[in-house]
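Spelled out, the chains give:
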Amino acid sequence: MSASSTRDAKGRPLVAVTGLGIVSSLGCGAAETWQALTEGRSGIRTISRFPTDGLRTSIAGTVDAFETDPLCAPLLSERFAEVAAEEAVTQSGIGDDFPGALFIAVPPVELEWPQRQALAEASGDNEDITYRSLLKAAAGRRFDAWHDLFIFGTVADRISDRFGTKGSPISLSTACSSGATAIQLGVEAIRRGEMKAALCIGTDGSVNPESLIRFSLLSALSTQNENPETASKPFSKNRDGFVMGEGAAALVLEDAEAAKARGAKILGYVLGCGEKGDGFHRTRSSPNGEPIIAAIRAALEDADTAPEAIDTINAHGTSTPENDKMEAMGCTAVFGERIASLPISSNKSMIGHTLTAAGAIEAVVSMLTIQHGRIPPTINHVVPDPSLTLDVVTTARDVRVSRVLSNSFGFGGQNTCLVLADEPA
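Remember, it's a predicted structure, so these values are computed and weren't measured experimentally.

Undergrad: Help me understand helix α8 (residues 209-217), please; the structure alone is not making it clear to me.
TA: One full turn of an α-helix is made of 3.6 residues, so residues set three or four places apart face in the same direction. Regarding α8, the residues found buried are Glu210, Ser211, Leu212, Phe215 and Ser216. In this structure, the buried residues of α8 make contact with β4 (59-60) and α3 (113-122). Of the residues trailing α8, serine 219 is marked for its positive phi of about 55 degrees.

The following block contains the structure:
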């Protein structure tokens, strides 16, 4: 094994992927989710977890196989992350005492409505609830367990303890690009020589009434409740918003030299990461598309990969009118006329937008696409948007895939793109 075979063109350690794990509304585990994705099945359904009376949107890609007490975003996110990480770590064969750090994307955390109601009732006067009365209720020590539960870093602390990761676990939230950012941080840490391995996770279990209402107030959600399976339709003319989803994905990243030395099976590589902050608006993307274009180009440059070497794009593809348009514009600027024949697909059409977890889930789907030589479809693309000149994959397409560009574009201008590959250049 030569040193050059484990370093990239810039002399940095190559970052290998040795383990993958995923939980989605289509199933628990990579095999189950992959089969459903490639068959074009939808995991979007009418919400049964809580009453939806009066809500504009009553559908989501929920993961209903797990129950927690209480049923809240932090505990669901923790459970999803644990299951996905267990699959990834087991596949990697790296051992129970993980020899690297944890980078985990988790949703923003705050007390949810049931907890707020319990505090209000405990304050003793529902007619005149004040901050002082709420503090008095909290001082009664009935709710001490909620203190840890609703701290932003708790999920990371518990996952770190579970898998024995080293150093301080890193919790992060960069909106809808969070899962990709977790991978980027792991890649950069390995490249700097700070560690030989990183456990990178994106997780999100925040389908709850308050989230639905907040996104509805932004007019961001689809209201096509009558037929949940067809509501998410990226790049279609009749798209009307995204569908919330939830789940988790985990990747074990390793310094390629260390992975080969221990005899690990290398599933692929993260060749490049590109990030560009926007800052144009709290939720909207810059109308000129420059930050998206810059993020894609930065990922390609970091990977030392020319645009023509990309075999397919795993799109951010949210099914919102503006985001799909901006992504198409950005890809066209980078790939030129080739964008009309470059396969592009969005798994959000089947599992919804998994928010904090999306970038990691889509990275795992990209790696599975490379392994199987099959591009999953974008379902519901029945009425193409004529203004978007894209080769949208509508049925699973069998083709050799060596390089995938995976896009993640988030609220507040958080743009992160990854280049994943079967082999280094």
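Undergrad: Please explain the pairing of strand β16 (residues 414-421) as it appears in this structure.
TA: Walk down a regular strand and you will see the side chains alternate between the two sheet faces. Most of β16 is tucked away, with 7 of its 8 residues classed as buried. Pairing geometry for strand β15 (residues 403-410) and β16, over 8 bridges, is antiparallel. The residue bridging phenylalanine 409 from the neighbouring strand is asparagine 415, located in β16. Counting the residues between successive antiparallel strands, the hairpin from β15 to β16 contains 3 residues, one of them, glycine 412, with a positive phi of roughly 75 degrees.

Undergrad: Quick question: what am I supposed to make of the environment of glutamate 257 here?
TA: Structurally, glutamate 257 is set in helix α9 (residues 256-261). Remark: the alpha-carbon pair of glutamate 257 and isoleucine 201, spanning 56 residues in sequence, is separated by 22 Å.

Undergrad: Even after reading the chapter, I still don't get the domain arrangement of the protein, so can you show me in this structure?
TA: Often, the extent of an interface is quoted as the loss of accessible area on bringing the components together. Per the domain assignment, the segments making up the protein are domain 1 (15-109 + 151-421) and domain 2 (113-149). Summarising the inter-unit geometry, the C-alpha centres of domain 1 and domain 2 are found 36 Å apart. Taken together, the contact between domain 1 and domain 2 spans 12 residues of the former and 6 residues of the latter. It is Pro70, Ile151 and Glu210 that lose the most area in domain 1 upon contact with domain 2, and together they represent 54% of the buried surface on that side.

Undergrad: Mind showing me how you'd approach the side chain of threonine 318 here?
TA: With respect to the helices and strands, threonine 318 occurs in the loop between β10 (312-314) and α11 (321-335). Within the structure, the side chain of threonine 318 is placed 3.4 Å from the side chain of asparagine 323, a separation counted as a polar contact. Residues contacting threonine 318, with those up to four places away along its chain left out, are Ser232, Gly241, Phe242, Asn323, Asp324, Lys348 and His353.

Conventions we followed
Residues numbered from 1 in each chain as written. Predicted model: local features only at pLDDT ≥ 70, side-chain atom pairs only at ≥ 80, totals over all residues. Heavy atoms only, no water. Buried < 20%, exposed > 50% of the residue type's maximum accessible area, 1.4 Å probe, protein only. Helix = DSSP H or I, 4+ residues; strand = E, 2+ residues; numbered from the N terminus. Contact = heavy atoms within 4.5 Å. Pairing = 2+ DSSP bridges. Domains from an automatic or database assignment. Buried area = accessible area lost by both parts, 1.4 Å probe. Polar contact = N/O pair within 3.5 Å; in protein donor to acceptor, adjacent residues only side chain to side chain.

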